[in-house]
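Structural characterization, general
Here are the chains, one letter per residue:
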Amino acid sequence: MIDGFRPMVSCIMIAGNNLQMIRNSISYFMDQNYPYKQLIIIDDGDKSLKDQIQTAPNLCYFHLDDPVSNASKRNFGIAQSRGEIIMHWDDQDWYAPDWLSRQTYTLLFSQIHIIGLQIRTNRQAETQIYAMAPATLCYLRSFWDKYPIKDIETMEDAHFVKNSGGLIYCHTYSAGYLEGFHEADKNISFENREERIKMINRRRETPQPYQKTAIKVRNEYAWVIPVTCILCTQDGQTHLPLAMENLLRQDYPDMELLILQTGPNCGTNPIPYHKKFGYVHYIPSITIGELKNRACEKANGEIILHWDEQNTYAQDWITQQVSSLVSRGADASGLDKYTVQNRNGKKTLMVKDPINNKGWAYGATLVYWKRLWKRYKFRALDMGEDDDFLHRSKAFVAPHDYTEGFIANIGQSSQTHL
């Protein structure tokens, strides 16, 4: 990745004095692929379980003699931790092996204070931002230093999210978390990895109470990374209305579409004004690589996303693209396999040759940080400029699998497809 900083992460777990659940939860923690981590366990049950759980340098168990509020236990655990990032960890829940890494990268790259999954709720949109799953909260230790969790009896997590004044980001990685995983199996051991996988697969069949596109919720504390979609076209007047329509129905709140045209007939039909559209009028015949450089240079967004006038995008396409880029700590993302539809409606899944697909994503689905482009601009090529850009920059490309969100339409016209 461009920014190689990987901070220490401290997971704070309030335990319910159930030995087997603690052991299982420790197993999920040890499965995490993020290397710089520690687990702080705070238990105020009847007796200490310290001698009955495994020991490790990155495990700390504290038994409190007297019961206290969850807020007090959480604050105590954070005070004992040494991580620069704090994550909540629940002994009843399951976390995917890449949960820590995705949460960490999302927090770092979104440059906000608090992240987590948003609970599906029937409340009004402006209040939904506060309904975040407590066991998925993640925030900067430095932010907690200024705004410790208030010592109240209930809803202390919601109070922290709502009243600390922090910028909030609801990510979309609901596949990495299962709530109440142990509720029906408190005494069953899942320390055997094969048994864990079997149980996880069974539980995944039950719908989870989290929104897939929570990022669209806004209020005075919410913030998302601005995105510029660049559309580079040669005489693309015929299909520009489709490109604009696809853009305007996106649920991502901070985006713009920058349209650049080249060719002898460009600009013959004026593009309607809209605050989300930018337009660069006639550009003399230059290479596609140079055209994309012009677009990236004028982009206001911190993230660049390729857009196409012939293709079809799901309304949460930008949301999923940004979430993949941010949560993987990647330099670039996109699809490495995609659906192509011909003029007769027949659909075919296209897959890049697996031998040669290292660091590859289909150009029309490419999304990357503008700072990557500033270091490694496109070369003056009319073909293969996207592959060249990724390979020359040695970018960390993390393809996602949201294939149902994009369709490449071919055979619609004879215009050049960029």
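Quick summary incoming for the structure in this document. (Residues numbered from 1 in each chain as written. Predicted model: local features only at pLDDT ≥ 70, side-chain atom pairs only at ≥ 80, totals over all residues. Heavy atoms only, no water.)

Some points on the overall build of the protein chain
Across its full length, the protein chain carries 12 helices and 19 strands. Of all intrachain contacts in the protein chain linking residues separated by at least 6 positions in sequence, the fraction that spans at least 24 positions is 76%. (Helix = DSSP H or I, 4+ residues; strand = E, 2+ residues; numbered from the N terminus. Contact = heavy atoms within 4.5 Å.)

Observations regarding the packing of aromatic side chains
Under the definition given, this model contains 22 aromatic pairs. Ring centres 5.1 Å apart and planes at 45 degrees place the aromatic pair F143 and Y147 in the tilted group. Given a relative accessible area of 37%, Y147 falls into the partly exposed group. Here the aromatic rings of Y368 and F378 are separated by 6.3 Å at their centres, their planes lie at 65 degrees, and the arrangement is edge-to-face. A residue pair is termed long-range when its members are at least 10 positions apart, and Y368 in strand β18 (residues 367-369) and F378 in the loop between α11 (370-375) and α12 (385-393) qualify at 10 residues. Here Y368 falls in the buried class, since its relative accessible area comes to 0%. Relative accessible area serves as the criterion here: at 5%, F378 is assigned to the buried category. The rings of W307, Y313, W317, Y338, Y362, Y402 and F406 are connected pair by pair, giving a single aromatic cluster. Its guanidinium or amino end placed over the ring of F29, K37 lies 5.7 Å from that ring's centre, counting from NZ or CZ. (Phe/Tyr/Trp six-rings, centres within 6.5 Å; stacked < 30°, edge-to-face > 60°. Buried < 20%, exposed > 50% of the residue type's maximum accessible area, 1.4 Å probe, protein only. Lys NZ or Arg CZ within 6 Å of the ring centre and 35° of its normal.)

A look at the sheet that holds strand β6 (residues 114-116)
Spatially, 7 strands are ordered β3-β2-β1-β4-β7-β6-β8 in an open sheet, and the strand pairing comes out mixed. Strand pairing shows two members of the sheet lacking a second neighbour, β3 (59-63) and β8 (168-170), which therefore form its edges. Pairwise comparison of adjacent strand axes, ignoring direction, gives a mean angle of 20 degrees for this sheet. Pairing of β6 with strand β7 (residues 138-140) involves 2 bridges; the strand directions are antiparallel. Note that in β7 the partner of I115 across the bridge is C138. Taken strand by strand, helix α2 (residues 70-80) contacts β1 (9-15), β2 (37-43), β3, β4 (85-90) and β7, and its axis lies near 150 degrees from that of β1. Of the strands in this sheet, β1, β2, β4, β6, β7 and β8 touch helix α3 (residues 99-110), which is tilted by about 145 degrees from β4. (Pairing = 2+ DSSP bridges. Axes fitted to C-alpha atoms, helices over the stretch in contact; angles between N-to-C directions.)

What to know about the side chain of Q38
Within the fold, Q38 resides in strand β2. Exposure remark for Q38: the relative accessible area of 2% places this residue in the buried category. A polar side-chain atom of Q38 sits 2.6 Å from a polar atom in the side chain of S10. Here Q38 is in contact with M8, V9, S10, C11, F29, N58, C60, S81, R82 and G83, once residues within four sequence places are set aside. (Polar contact = N/O pair within 3.5 Å; in protein donor to acceptor, adjacent residues only side chain to side chain.)

Let's talk about the environment of A135
Take A135: it is sitting in the loop between α4 (125-128) and β7. The class for A135 is buried, based on a relative accessible area of 9%. Distance from A135 to Y177, taken between C-alpha atoms, is 9.2 Å for residues 42 residues apart in sequence. The residues contacting A135, other than those within four sequence positions of it, are H88, D90, D93, Y95 and Y177.

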